[in-house]
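Here is how the chains run, residue by residue.
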Amino acid sequence: MKIYNSLTRKKEDFTATNNSVNMYVCGVTTYDKPHIGHAMSYIIFDTFHRYLEYLGFTVNRVQNFTDIDDKIIDRANKDSLDSNQVSEKNIKAYFDVMDKLNIKRANHYPRATNEIKEIIGIISNLIEREYAYESGGSVYFSVKKFKDYGKLSHRNVDEMLEATRFDVDENKINFADFVLWKSAKPGEPFWDSPWGNGRPGWHIECSAMVLHHLGEQIDIHGGGQDLVFPHHENEIAQSEAALGVNSFARFWVHNGLVQMDGDKMSKSLGNVFDVEVALKKYTSDAIRLWVLQSHYRKPLNLDENHIISSEKSISRLRNAIDIESNQDKQPISSQTYIDKFIQSMNDDLGTPAAIATLFDLARAIFRGRDNKDNVIDLIKALKKYSKLLGFDLKPSKKNIQISEKDIEELIDLRNDARSNKLFEESDRLRDKLQSLGVQISDSPEGTTWERI
RNA sequence: GGCGACGUGGCCAAGUGGCUAAGGCGAAGGUCUGCAAAACCUUUAUUCGCGGGUUCGAAUCCCGCCGUCGCCUCCA
């Protein structure tokens, strides 16, 4: 398949030695619950992961938790907890939500605070190699020492240094230098180090984890586009400087960001959308369809009406897999649909076009049903490729306000009324069931119902 | 200011030189029904922000203009 590499700004053929893929995806900072933007990102990397496995690659995916940083400390102080409790709570919320979204778990979820030894090792190495310097109990990476600095975000260090800044850290030689080890202020959590008590800077943990869990070079490094600079740029600098290599990650894959009414969703704008809340209103499949129906590198505008549309769309696929086949005929072949699906996915994870073929399959299934054809292979393909994109197509579980027995009783009453042509009474009972969250439908075979 | 993305039917969204411009939602008509609902079927852009140009041929390439957004500070 071809995948867009942010490093080269081109779509490139993806290959891997021995068909074995090492994939690192940047995880969350655990100071709050996951929001819809996290859901988008991890749905995309989950889909990528699944598709690579479908193509025959063995994927080893590692995703970190940044479980110590300034915002976590702030949150802990605000909520009278310690930073570890804040992180634990939000890691639990993360798994809870992502499991519901049917996102496959990564192979490992390392936490920054469990990698302190490795982090200190890399920082020491960088100091020895004179890429980093200690100053005021903190350690900084000197961007001017690393000649490739800017190669991912396509920035020029000298131009950056000309720009003005207002919050210059006095300990830095150049303001563009970034912190590897941050000295602890009184009352802050800390770990012992050769430079005094402190905690790791934001970027260094990823370098340490990649090296520790995946090795010196990885095949894919992923995350949101907002991480390109400075986070990933700095990761490259640290890792390549420490290891003396120039190819820390072969492919850099970045997803577009969720926007709200044209603006980016972010804490500072106060327009975050909680995934837990979304999952109470919409099914996992609908949220996933909403995400994957637009290309992963494009921004995704959050408009709840669009998720509602997706909810209706997904039910079309759910209905199609329940169609009965006429076994007396030869099955209609699904091959052309499958070919189109694969072709779409092979072009930079083209999920929108791939999903279009799932709807084409659904239409072919319904038509086949009307023509009394054997659609067994079409249904098999629809199930298989929906699953590949992470859809489960199970009927949605809904709120229970009335027992099954009571529903059946009301339906019997209504059908008595109908057979006596007491339509006013039967419509009243139908409205009552509707208000209790039960949708009924009449057919020649009788009345059926479902919770809505 | 620097780097980048985008502008396709009522809405969302594929397509990036050449068959009838995917797919979804919505809408209209139909089948079904006591009427509905649900479901399914059919229809729904001579046209791709605007203006030039290249070409036998452009939504797709080039130039200009207008508009929207992201990153450059913590962020998936």
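Since the model is a prediction, treat every value here as computed from it, not as a measurement. (Residues numbered from 1 in each chain as written. Chains lettered and ligands numbered in written order. Predicted model: local features only at pLDDT ≥ 70, side-chain atom pairs only at ≥ 80, totals over all residues. Heavy atoms only, no water.)

Peer 1: Any chance you could explain the overall build of chain A here in plain terms?
Peer 2: Within chain A one finds 15 helices and 15 strands. Of the contacts formed within chain A by residues at least 6 apart in sequence, a portion of 75% connects residues at least 24 apart. Accessible surface, chain A as shown: approximately 22100 Å² in total, 47% of it carbon and sulfur. Positive and negative charge centroids in chain A, built from 60 and 68 side chains respectively, lie 4 Å apart. (Helix = DSSP H or I, 4+ residues; strand = E, 2+ residues; numbered from the N terminus. Contact = heavy atoms within 4.5 Å. Areas by Shrake-Rupley, 256 points an atom, 1.4 Å probe, with all protein chains shown as cover. Lys, Arg positive; Asp, Glu negative; His and termini not counted. Charge placed at Lys NZ, Arg CZ, Asp CG, Glu CD.)

Peer 1: Help me understand the sheet that holds strand β5 (residues 132-135) in this model?
Peer 2: In any sheet, the strands associate via hydrogen bonds between backbone groups, in a parallel or an antiparallel arrangement. With antiparallel pairing, the four strands of this open sheet are ordered in space as β5-β6-β7-β8. Each end of this open sheet is capped by a strand with a single partner; those strands are β5 and β8 (198-200). The mean inter-strand angle of the sheet, taken between neighbouring strand axes irrespective of direction, is 25°. Where β5 meets strand β6 (residues 138-141), four bridges bridge the pair, whose relative direction is antiparallel. Bridge assignment links Tyr 133 to a residue of β6, and that residue is Tyr 140. (Pairing = 2+ DSSP bridges. Axes fitted to C-alpha atoms, helices over the stretch in contact; angles between N-to-C directions.)

Peer 1: Help me out: how do you make sense of the pattern of salt bridges in this one?
Peer 2: Any two side chains of opposite charge can pair if their charged atoms end up close together. This model, assessed by the stated rule, comprises 28 salt bridges. Among the salt bridges present, the one from Asp 347 reaches Lys 11, with a minimum N-O distance of 2.9 Å. On the criterion of sequence distance, the pair formed by Asp 347 in the loop between α11 (335-346) and α12 (351-370) and Lys 11 in strand β2 (residues 10-13) is long-range, its members being 336 residues apart. Among the residues examined, Asp 347 registers a relative accessible area of 38% and is labelled partly exposed. Judged by its relative accessible area of 40%, Lys 11 falls in the partly exposed class. Residue Asp 360 is joined to Lys 340 by a salt bridge in which the shortest nitrogen-to-oxygen separation is 3.3 Å. With Asp 360 in helix α12 and Lys 340 in helix α11, this residue pair connects regions lying 20 residues apart in the sequence. Residue class for Asp 360 comes out partly exposed when judged on its relative accessible area of 29%. Judged by its relative accessible area of 41%, Lys 340 is partly exposed. (Salt bridge = Lys/Arg side-chain N within 4 Å of Asp/Glu carboxyl O. Buried < 20%, exposed > 50% of the residue type's maximum accessible area, 1.4 Å probe, protein only.)

Peer 1: It is not clear to me how the packing of aromatic side chains should be interpreted in this structure. Could you clarify?
Peer 2: Two aromatic rings, taken as a pair, are described by how far apart their centres are and by the angle between their planes. With the rule as written, the count across this model stands at 18 aromatic pairs. For the pair Tyr 131 and Phe 141, a centre-to-centre distance of 6.2 Å together with 5° between the ring planes defines the contact as stacked. Remark: Phe 141 occurs in strand β6 and Tyr 131 occurs in the loop between α4 (116-128) and β5; sequence separation between them is ten residues. By relative accessible area, which is 0% here, Phe 141 ends up buried. Grouped by ring-pair contacts, the aromatic residues Tyr 42, Phe 65, Tyr 94, Phe 95 and Tyr 109 constitute a single cluster. (Phe/Tyr/Trp six-rings, centres within 6.5 Å; stacked < 30°, edge-to-face > 60°.)

Peer 1: Would you explain the environment of Lys 298 in this entry?
Peer 2: Locating Lys 298 in the fold gives a position in the loop between α9 (284-292) and β13 (300-302). Judged by relative accessible area, which is 54%, Lys 298 ranks as exposed. Excluding residues within four positions of it along the chain, Lys 298 makes contact with Met 40 and Gly 256.

Peer 1: Help me understand the packing of helix α1 (residues 36-54) against α9 in this model?
Peer 2: How two helices sit against one another is set out by the angle between their axes and by the gap between those axes. Contact geometry for α1 and α9: axes closest at 10 Å, N-to-C directions at 80°. Relative to α9, the element α1 lies roughly perpendicular. Packed against α1, whose contacting residues are Ile 36, Met 40, Ile 43, Ile 44, Asp 46, Thr 47 and Arg 50, the element α9 presents Ile 287, Arg 288, Trp 290, Val 291 and Leu 292 at the interface. Residue composition of the contact of α1 with α9, grouped by class: eight nonpolar, one polar and three charged. (Parallel < 35°, antiparallel > 145°, perpendicular 65-115°, else oblique. Nonpolar A, V, L, I, M, F, W, Y, C, P; charged D, E, K, R; others polar.)

Peer 1: Explain the domain arrangement of chain A to me, please; I cannot follow it from the model alone.
Peer 2: A common way to express how large an interface is: the accessible area buried when the components associate. According to the domain assignment, chain A contains domain 1 (2-269), domain 2 (282-388) and domain 3 (404-451). A straight line from the C-alpha centre of domain 1 to that of domain 2 covers 35 Å. Taken together, the 30 residues of domain 1 in the interface contact 24 residues of domain 2. Taking both partners together, domain 1 and domain 2 bury about 2500 Å²; carbon and sulfur atoms supply 62% of that area. (Domains from an automatic or database assignment. Buried area = accessible area lost by both parts, 1.4 Å probe.)

Peer 1: What is the right way to look at the nonpolar core in this model?
Peer 2: Side chains that are nonpolar tend, in soluble globular proteins, to be buried together. Phe 14, Phe 48 and Leu 101 are the most contacted members of the largest nonpolar core, which has 78 residues in total. With ten residues, α1 is the single largest residue contributor to this core. Both of domain 1 (2-269) and domain 2 (282-388) provide at least three residues apiece to this core. For Leu 101, the contacting residues outside a window of four places in its chain are Ala 39, Ile 43, Val 275, Leu 279, Ser 284, Ile 287 and Arg 288. Counting 44 residues, the second-largest nonpolar core is a separate cluster that includes Val 210, Leu 214, Val 228 and Phe 248. (Core = buried A, V, L, I, M, F, W, Y, C linked by side-chain atoms within 4.5 Å.)

Peer 1: Help me understand the packing of α12 against helix α13 (residues 376-388), please; the structure alone is not making it clear to me.
Peer 2: Two numbers describe how α12 lies on α13: the axes approach to 9 Å, and their chain directions differ by 155°. It follows from the interaxial angle that α12 and α13 lie roughly antiparallel. As for the relative orientation of α12 and α13, their crossing is left-handed in sense. Where α12 approaches α13, its residues Leu 358, Leu 361, Ala 364 and Ile 365 are matched on the opposing element by Leu 378, Ile 379, Ala 381, Leu 382, Tyr 385 and Ser 386. Of the residues belonging to the contact of α12 with α13, the class tally is nine nonpolar, one polar and no charged. (Left-handed = near helix turned anticlockwise from the far one by under 90°.)

Peer 1: Explain unusual backbone geometry here, please?
Peer 2: For the peptide bond that leads from Phe 229 to Pro 230, omega is 5°, which places it in the cis range. One can find Pro 230 in helix α7 (residues 228-243). Backbone geometry places Asn 102, a non-glycine residue, at a positive phi of 60°. Note that Asn 102 resides in the loop between α3 (83-100) and α4. What makes Asn 102 partly exposed here is its relative accessible area of 29%. Positioned with a positive phi, Lys 372 is a non-glycine residue whose angle comes to about 60°. Structurally, Lys 372 is set in the loop between α12 and α13. Residue classification places Lys 372 among the exposed positions, given a relative accessible area of 57%.

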